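Below, each chain spelled out in residue letters.
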Amino acid sequence: MKNPFRKDLVSRSRPEPCTVVIFGATGDLTHRKLVPALYNLQVEGALPAGVKMIGFARREKSDEEFRQGLEKLNKKVSRSGHDEAIWAEFAQNVHYHQSEFLDLDGYRRLSETLDAIDRERGGHGSRLFYIASSPSFFDDILENLKQAGLNQCNCGEGCWARVIVEKPFGTDLPTAQHLNRVVNRTFEEKDTYRIDHYLGKETAQNIMVLRFANAIFEPLWNNRSIDHIQITCSENLGMEGGRGGYYDKAGALRDMVQNHLLQLLSLVAMEPPTDLSADGVRDEKVKVLRSLRQWDTPELVEQNVVRAQYVAGHVDGENVVGYREEDRVDPESMTESYVALKILVDTWRWSGVPFYVRMGKQLPKKATEISIHFKEPPTVLFNALSGGVPGGNVLVIRIQPDEGISLRMVSKIPGSSLRMEPVKMDFHYSTSFGKGSPEAYERLLLDSMAGDATLFARRDEVEEAWKFIDHIERAWHEVKRPLKMSEYVAGTWGPKDADDLLARDGRKWRRL
Ligand SMILES: NC(=O)C1=CN([C@@H]2O[C@H](COP(=O)(O)OP(=O)(O)OC[C@H]3O[C@@H](n4cnc5c(N)ncnc54)[C@H](OP(=O)(O)O)[C@@H]3O)[C@@H](O)[C@H]2O)C=CC1
Ligand SMILES: O=C1O[C@H](COP(=O)(O)O)[C@@H](O)[C@H](O)[C@H]1O
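Quick notes on the rules
Residue positions are counted from 1 within each chain, in the order its sequence is given. Whichever chain is written first becomes A and whichever ligand is written first becomes 1, with later ones labelled in order. For this predicted model, a pLDDT threshold of at least 70 governs which residues receive local features, and a threshold of 80 or more governs which side-chain atom pairs are given and counted, while totals over whole chains, interfaces and linings are taken from all residues. Excluding hydrogens and water, the side-chain values take into account all heavy atoms of the structure. UniProt positions are given in the numbering used here, feature names are shortened, and annotations may be inferred rather than shown by experiment. Under the DSSP-based scheme used, a helix requires at least four consecutive residues in state H or I and a strand at least two consecutive residues in state E, with every element numbered from the N terminus. Relative accessibility thresholds used throughout: buried, under 20% of the residue-type maximum; exposed, over 50%; partly exposed, between the two (1.4 Å probe, protein chains only). Between two residues, a contact is recorded if the distance between any of their heavy atoms is within 4.5 Å. Lining residues are those with an atom within 4 Å of a point, where the points come from a 1 Å grid over the protein atoms alone and group into cavities, where a 1.4 Å probe fits but cannot get out, or pockets, open sets with protein on both sides within 12 Å along at least five of seven lines. Grid points are joined across faces, edges and corners, and a volume is the space filled by probe spheres set on the points. Under the grouping applied here, Gly and all other residues not named as nonpolar or charged are polar, the nonpolar ones being Ala, Val, Leu, Ile, Met, Phe, Trp, Tyr, Cys and Pro and the charged ones Asp, Glu, Lys and Arg. Under this scheme, a helix contributes an axis fitted over its contacting stretch, all axes are lines through C-alpha atoms, and angles between N-to-C directions fall in the 0 to 180 degree range. Small angles under 35 degrees read as roughly parallel and large ones over 145 as roughly antiparallel, with 65 to 115 read as roughly perpendicular and the rest as oblique. For any pair of crossing helices, the crossing counts as left-handed if the nearer helix is rotated counterclockwise from the farther one by less than a right angle, and right-handed if it is rotated clockwise. Boundary definitions for the domains trace back to an automatic or database domain assignment. As used here, the arc is the angular range of directions from the helix axis to the C-beta atoms. Definition of a polar contact: a pair of N or O atoms within 3.5 Å, with one able to donate and the other able to accept a hydrogen when the atoms are protein atoms, and with sequence-neighbouring residues admitted only if both atoms are side-chain atoms.

- Within an unreviewed UniProt entry, the label attached to the protein chain reads Glucose-6-phosphate 1-dehydrogenase, and the organism entered is Oceaniferula marina.
- What UniProt records for the protein chain under Catalytic activity (unreviewed entry) is the sentence "D-glucose 6-phosphate + NADP(+) = 6-phospho-D-glucono-1,5-lactone + NADPH + H(+)".
- Its UniProt record, at the heading Sequence similarities (unreviewed entry), says of the protein chain: "Belongs to the glucose-6-phosphate dehydrogenase family."

### Brief notes about the UniProt feature "binding site: substrate" (unreviewed entry) in the protein chain
No. 1: In the numbering adopted here, UniProt assigns the feature "binding site: substrate" (unreviewed entry) to His197, Lys201, Glu235, Asp255, Lys361 and Lys366.
No. 2: Checked against the element boundaries, His197 lands in the loop between strand 6 (192-194) and helix 8 (202-212).
No. 3: His197 sits in the partly exposed class, given a relative accessible area of 21%.
No. 4: Among all residues touching His197, those that are not within four sequence positions of it are His260, Ala440, Tyr441 and Leu444.
No. 5: In contact with Lys366, not counting residues within four places along its chain, are Ser234, Glu235, Asn236, Gln400 and Pro401.

### A closer look at empty space enclosed by the protein
No. 1: Applying the stated rule across the entire model yields two cavities of 30 Å³ or more.
No. 2: The wall of the largest cavity is formed by 17 residues, among which Asp196, Gln258, Asn259, Ala457 and Val462 lie closest to the centre.
No. 3: Those elements that provide at least two residues to the lining of the largest cavity are helix 10 (252-269) and helix 15 (459-478).
No. 4: When residues of the lining of the largest cavity are assigned to their parent elements, the largest contribution, four residues, is made by helix 10.
No. 5: Residues of the lining of the largest cavity, tallied by class, amount to nine nonpolar, three polar and five charged.
No. 6: Computed from the structure, the second largest cavity encloses a volume of approximately 60 Å³.

### Observations concerning the packing of helix 2 (residues 28-43) against helix 4 (residues 84-91)
No. 1: Contact geometry for helix 2 and helix 4: axes closest at 10 Å, N-to-C directions at 110°. As summarised for this structure, helix 2 and helix 4 are arranged roughly perpendicular, according to the angle between their axes. Seen along the crossing, helix 2 lies across helix 4 with a hand that is right-handed. Touching Val35, Leu38, Tyr39, Gln42 and Val43 of helix 2 are Ile86, Trp87, Glu89 and Phe90, all from helix 4.
No. 2: Class assignment for the residues of the contact of helix 2 with helix 4 results in seven nonpolar, one polar and one charged.

### Some thoughts on the domain arrangement of the protein chain
No. 1: Domain assignment breaks the protein chain into domain 1 (18-166) and domain 2 (199-377 + 458-504).
No. 2: Taking only C-alpha atoms, the centre of domain 1 and the centre of domain 2 are 33 Å apart.

### Comments concerning helix 4
No. 1: Those residues of helix 4 lying buried are Trp87, Phe90 and Ala91. All buried residues of helix 4 project into a common sector of 90° when viewed along the axis, lining one side.
No. 2: On its buried side, helix 4 packs onto helix 2, helix 3 (63-77) and strand 3 (94-98).
No. 3: Near the N-terminus of helix 4, the side chain that reaches the backbone nitrogen of Ala85, with its oxygen 2.9 Å away, is that of Asp83.

What follows is the structure, encoded as structure tokens:
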């Protein structure tokens, strides 16, 4: 019998040595995520020998100053701690390249540096360009890489030139289509890696394993057994780190739903792929996105989507200001820090099963989870006389923190009378595997070095997701009658309107 996972285990490509060039290397993402990810791969012995890194940014810095800045942050954030000896070994392969993103000459100098590195290695070498700049520079960086001849390698020795493009991938469908055109005229699609770090999270990867490597779930994974599905992403932070300027132009729907949460939804809702190739998986995910019922009138948006902003309150025992008082946020902002929506997937499997998705800043805690709410059993045996069955089965996939999966079941309370109570079967990654999960960026960097784009978004996925989001944004911002912006107190679970969205369907949000 054909086992699609066998292919993955046996022949997943191996990461290859290359030079990683990060554009925007003095920035927050590089310091907090990318370099600690590379360092942790080195700690685990997973980084291919000979990987070098060049940081490309505007300010003047020596290699040594650049390394010191990275080390300072690595000490704070690295998940495996900071080992001086391993860091020293890692840092000797890290260099700095000062240049303006818009200056073609800087890319020509970069090309000479890369050639020199390759000569030292004794031949040609592969290059991984990671665009971690503000999105306003994405086009220019891509075009300049092409102009400098860095977008491909024709040496015939199997080297490659790949590009990772950070989020946001556009701000709506037209800008995403434009960026896709720029990407496709500069790099080949097979060499393009649109990052969505949620896909690199262990628990997101485990969704396919849970569904397709266990025989018990798939027969129930449809509208005959499932009542509804909830996806919640709650954050207990506001606009820290000067993010207000970016966020106020984006909002929760664009920042999190268009990419991360629709990707999670696709993994939950997709049909089994024919194999685990990047296109095999992405073909199935994009079919889900194409099947989303479009909320394409203001009335439909009003009925199915709730947006809100936090007002001053308390989070983790601290006083926090309201969204409109945040640094770099417009005091009259109409950008949502919270969104809740009902999504319908118009396929045979999911007909009649709503997916409720919510995301909010300054909620009581940081947690992302998917909960699958199964239908309640018939009441023939356990009817009102015996107290009834206390709710249906719920399968919870905890994406983060405390990664794991739990199944809520009903059990008889020991004793002579027939009384029932919900109990939980719980799997925790940390206890079952004895270690925490690697950071998403570790897996994604390794996969891009291995040429495996399965966990990266394909062009059509990004565009389909924007189509869905654009209708909602248009209704919010372009109609003469602006739709409601609700409020919630920071540190609470969001606005009452979000509860009403489910209450209208006779349902409730799961308590996290
Ligand atoms: N930070 C995060 O946690 C996350 C970020 N992202 C995405 O990653 C990308 C980068 O974000 P982040 O690191 O926070 O951004 P930062 O603003 O912290 O960093 C921007 C970087 O770009 C460089 N830069 C700016 N202008 C120029 C220029 N004209 N020429 C050369 N270099 C320039 C800066 O260099 P210099 O300092 O020398 O001016 C700096 O290295 C964005 O697309 C963001 O959406 C995605 C997910 C999470
Ligand atoms: O992409 C983004 O993700 C973070 C949340 O990421 P997580 O891995 O910490 O869950 C979010 O805070 C940010 O606004 C968004 O741009």
